[in-house]
Amino acid sequence: MDPLAHGLVAFRHAPVALSGVCYGRLDVAAELPPQAAAAAIERALHELCVHPGVVWSSPLSRCALPAAELAARLGVPRAVDDRLLEISYGAWEGRAFSDIERDDPAAYAAWLDGWERVGPPGGESALEVESRVRSFWREIGPPRAPRGVDGVDVASDAGVASRARPHLLVAHAGVLRALRVVACGASWPAAMSAPVPHLTAERFPLPASALSLAAP
């Protein structure tokens, strides 16, 4: 079986109007309206001949709003999972990197030197992001009860549809890089060095156990 045929198709959210600022967990709006971002992803799915069975996202609006629009357009369930949040910058959230380097040089230097294992004060390291994304990735293939949104229970539909069709994810850059590590076996330096374009498809296999359940 093609490991991508029943896998995970992920898109980074549309760009945001911030530059040089830590905004991992901040609920920053995307520059494109959700409808426009969803339309761009839908066109890409059509070109790939991909028909997802469920749409996943983090709870942050730059991912959650286009994901909700996509689910409505495609007529499939959507689900939100906190494990899909962007990396937490802790005490640095909302601050410019240049200000952090000036005001907190020791912690900033330690983070730059050991970012795989060292996070910002009160924030996450790359390995901590990897751990929660790995937990999500290992669970999405077998039938289960995804976390609902706005009181909607998507358990049965999402579990059945995801076995037959790929999962769709509207994601943050940090989550996509973590998926390169957990699903594709990349090192963190390699995952970080490759760009993560906005609104561009990146495909990942599911764990072997999930693929066996998807087999006819």
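So, here is what we can say about the structure in this document.

### Some points on the packing of aromatic side chains
The geometry of two aromatic rings is summed up by the distance between their centres and the angle between their planes.
Here's step 1: All told, the structure shown has 8 aromatic pairs when counted by the stated rule.
Here's step 2: Seen from their ring centres, tryptophan 56 and phenylalanine 136 are 5.1 Å apart, and the 80 degrees between their planes marks the pair as edge-to-face. On the criterion of sequence distance, the pair formed by tryptophan 56 in strand β2 (residues 54-57) and phenylalanine 136 in helix α5 (residues 126-139) is long-range, its members being 80 residues apart. Accessibility classification places tryptophan 56 together with phenylalanine 136 in one group, the buried group.
Here's step 3: Aromatic side chains tryptophan 92 and tryptophan 111 sit 5.5 Å apart centroid to centroid with 80 degrees between the ring planes, which places their arrangement in the edge-to-face category. You can see tryptophan 92 sitting in the loop between β3 (78-80) and α3 (97-103) and its partner tryptophan 111 sitting in helix α4 (residues 105-114), a full 19 residues away along the chain.

### Focus on the sheet that holds strand β5 (residues 201-204)
Here's step 1: The mixed open sheet is built from 5 strands, whose spatial order is β3-β2-β4-β1-β5. Whereas interior strands pair on both sides, the edge strands pair on one side only; in this sheet they are β3 and β5. Going across the sheet, the axis of each strand differs from the next one's by a mean of 25 degrees, ignoring polarity.
Here's step 2: The pairing of β2 with strand β4 (residues 167-171) spans 4 bridges and is parallel. Residue pairing across strands places valine 55 opposite leucine 168, the latter belonging to β4.

Cut-offs used in this document
Residues take numbers from 1 onward in each chain, read along the sequence in its written order. Totals for whole chains, interfaces and linings use every residue, but because this is a predicted model, local features are given only for residues with pLDDT of at least 70 and side-chain atom pairs only at 80 or more, for both listing and counting. Each side-chain value is worked out from all heavy atoms of the structure, with water and hydrogens disregarded. Classification of ring pairs uses Phe, Tyr and Trp, with its six-membered ring standing for Trp, and accepts pairs whose centres are within 6.5 Å; under 30 degrees between planes counts as stacked, over 60 as edge-to-face, and the remaining range as tilted. Strands are runs of DSSP state E lasting at least 2 residues, helices are runs of H or I lasting at least 4, and numbering of each runs from the N terminus. Each residue is assigned to one of three classes by its accessible area relative to the maximum for its type, calculated with a 1.4 Å probe on protein chains only: buried under 20%, partly exposed between the two thresholds, exposed over 50%. By this definition, two strands are paired if DSSP reports at least two bridges between them. Comment: axis = line fitted to C-alpha atoms, over the contacting stretch for helices; angle = value between 0 and 180 degrees taken between N-to-C directions.

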